[in-house]
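Below are the chains, spelled out letter by letter.
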Amino acid sequence: MLLIHCPYCEEERPEMEFRHAGEAHLERPKNIAEISDEAFAAYFFYRDNPKGVVFERWRHLHGCARFFNAARDTVSDKFLTTYKAGQPKPDLVGAANMNIPAKSGKSGK
Amino acid sequence: MRRYSGFALVREAMRGHKGWGQQWSSPEPKKEYDVIIVGAGGHGLATAYYLAKEHGITNIAVLEKGWLGGGNTGRNTTIIRSNYLYDESAGLYDHAVKLWENLSQDLNYNVMYSPRGVMMLAHNVHDVQVFKRHIHANRLNGVDNEWLTPEAAKEYCPPLNISQSARYPVMGAALQRRGGTARHDAVAWGYARAASDRGVHVIQNCEVTGVRRGGNGQVTGVETSRGFIGAKKVGVVAAGHTSVIMEMADVRMPLESFPLQALVSEPVKPCFPCVVMSNTVHAYISQSDKGELVIGAGTDQYTSYSQTGGLHIIQHTLDAICEMFPMFTRMKMLRSWGGIVDVTPDRSPIIAKTPVSGLYVNCGWGTGGFKATPGSGHVFAHTIANDNPHRINTAYTIERFNSGRLIDEAAAAAVAH
């Protein structure tokens, strides 16, 4: 089980309290009724699915219930950082040096 | 290839089993092939086999990063069934079941296909209605599936707890008698041996690191950990790593990769006669011929390539198993593991040409690809050989996500299946 740092509660909590909510920083096109089928599919269905760092949304469902974003390594499942919704993609080199609670990893193995 | 038979067994027994030889060859890669298949799992090896057998293309290499059948082919719960809701799915999965029925003879390799019946439990009114709808849809498609009362379900599978005091009482079940299991490793080995016999090169420990394309965008080969290998056509059958391989060819996929776990118990005497699945409480269970209970859990909620998942996922499944089969509450679990499954938005696979000329993809099998192994390889081979899909996989394009013409088994099954 992952340990996840909620940037609103400012606390590291077990994964059971959270819901994964898919890739982050996907912006819904404002003119969604006018865009082509391909453009809609690219927004709605197509995903980066990276092997490495993924930017993703989480929701602290059984806590503050708020959505936030995280950067996580999909090979080790370690969180590099978590940050509030609406903030830009973090500078991960900077994050690694900022001593952000990024220890979150696997437990219960 | 030395044919396996009762006679061969007796002869080798007399000679101290010294004459069996290698089951498949391990050649050095050639400079160029007609077709390269990326991924030597069941689907990839089956594709190579049917290309050689039915389309006369034998200048083929199957490239594998690790060892043959070491990915999801060796990590699944070996369930075979074809009782899917939609016409397209019934066509594809039942095509596979028909091939399973004669696969051991076809490959001259015992894949231990055992049609012992797959029973899917209904625990609430919604389940009952959905399963009955499935049964009627299946029967219209010529796929066997029948409704059992709780008592009939218990008669078919005596360890089942049908007591009304169960947390989620069994309200009935859908039974597909032609469903069952097969020996997953034997499927990979049997296809590898039969393909190798027809001249296919199965090359293990050869990781694809790039896809090379010519001036007109056409695929010209792949970069690998053992150097460049040229190819006129490349078929990607890389399961959880499909997005990674396809990105090398600049093709973005409607896929996400999740860890899916399974586990086995200590081996015990035969006590469990069929396969039981419950989508609602989320548990899959059967007993292997070795005697282990083979139990499938759900996917983790986050994308990952780690081939491991959270313990709470397994725990959740075992809670359900103990509730449904109280006699297993004291069984010890022996091993658990994870595989990485590539999931499409509609939970149906993609078996198709891609926007890149000469590049084909067979992916998106999600949590239930093993059952389709022979059918998947068969229609994918047709697609590669003819540069056009087989009648059965016409609908399984990538473009269905643009047109919206989905094969929405995700909604039909209400879980990843």
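Residues numbered from 1 in each chain as written. Chains lettered and ligands numbered in written order. Predicted model: local features only at pLDDT ≥ 70, side-chain atom pairs only at ≥ 80, totals over all residues. Heavy atoms only, no water.

Peer 1: Help me get a handle on the state of the cysteines, residues and values and all.
Peer 2: All names here are of chain B. For the coordinates displayed, the defined rule picks out 0 disulfides over all chains. Between Cys 157, a cysteine without a disulfide, and Cys 274, which holds the nearest cysteine sulfur, the sulfur-to-sulfur distance is 3.9 Å. When its relative accessible area of 0% is taken as the criterion, Cys 157 is described as buried. (Disulfide = S-S within 2.5 Å. Buried < 20%, exposed > 50% of the residue type's maximum accessible area, 1.4 Å probe, protein only.)

Peer 1: So, the packing of helix H3 (residues 87–101) of chain B against helix H10 (residues 373–386) of chain B: which residues are in play, and what are the values?
Peer 2: Residues and elements named next belong to chain B. Packing of H3 against H10 brings their axes to within 7 Å, and their N-to-C directions diverge by 110°. For the element pair H3 / H10, the angle class is roughly perpendicular. For the pair formed by H3 and H10, the contact residues are Leu 92, His 95, Ala 96, Leu 99 and Trp 100 on the first element and Thr 373, Pro 374, Gly 375, His 378 and Val 379 on the second. Across the contact of H3 with H10, the residue classes break down as 6 nonpolar, 4 polar and no charged. (Axes fitted to C-alpha atoms, helices over the stretch in contact; angles between N-to-C directions. Helix = DSSP H or I, 4+ residues; strand = E, 2+ residues; numbered from the N terminus. Parallel < 35°, antiparallel > 145°, perpendicular 65-115°, else oblique. Contact = heavy atoms within 4.5 Å. Nonpolar A, V, L, I, M, F, W, Y, C, P; charged D, E, K, R; others polar.)

Peer 1: Hey, could you go over the sheet that holds strand S4 (residues 118–122) of chain B for me, with residue numbers and the actual values?
Peer 2: Residue and element names in this part refer to chain B. With mixed pairing, 8 strands are arranged side by side in an open sheet as S5-S6-S4-S13-S14-S15-S12-S16. Two strands bound the open sheet, and with one partner strand each, they are strand S5 (146–148) and strand S16 (333–343). Averaged over neighbouring strand pairs, the angle between their axes works out to 20° when direction is ignored. Bridge analysis of S4 against strand S13 (residues 275–278) gives 3 bridges, and the strand direction is parallel. Paired with Val 118 across the two strands is Val 275, which belongs to S13. Across the sheet, helix H5 (residues 125–140) is in contact with S4, S5 and strand S6 (172–176); its angle to S4 comes to roughly 145°. Of the strands in this sheet, S4, strand S12 (256–265), S13, strand S14 (283–287), strand S15 (293–299) and S16 are in contact with helix H9 (residues 311–324), which crosses S15 at around 130°. (Pairing = 2+ DSSP bridges.)

Peer 1: Go over the confidence of the model for chain B with me, naming the residues and quoting the values.
Peer 2: Averaged over all residues, the pLDDT of chain B equals 95, while 99% of them reach at least 70. Across the predicted assembly, pTM comes out at 0.94 and ipTM at 0.91. (pLDDT = per-residue confidence, 0-100.)

Peer 1: Describe the nonpolar core, and please don't skip the residues or the numbers.
Peer 2: Residues and elements named next belong to chain B. Judged by nonpolar contacts, the single largest core of 50 residues is most densely connected at Ile 37, Leu 45, Leu 51, Ile 60, Trp 100, Leu 107 and Tyr 191. Only strand S1 (32–38), helix H2 (42–55), strand S2 (60–63), H3, helix H4 (103–107), helix H7 (184–197) and H10 provide two or more residues apiece to this core. If we skip the residues at most four places from it in the chain, Ile 37 touches Gly 44, Thr 47, Leu 51, Ile 60, Ala 61, Val 62, Leu 63, Gly 235, Val 237 and Ile 384. (Core = buried A, V, L, I, M, F, W, Y, C linked by side-chain atoms within 4.5 Å.)

Peer 1: Before we move on, can you summarise the environment of His316(B) with the specific residues and values?
Peer 2: Residues and elements named next belong to chain B. For His 316, the position within the fold is in helix H9. Note: C-alpha distance between His 316 and Pro 150 (166 residues apart in sequence) is 23 Å. In this view, His 316 contacts Val 281 and His 282; residues no more than four positions away in its chain are not counted.

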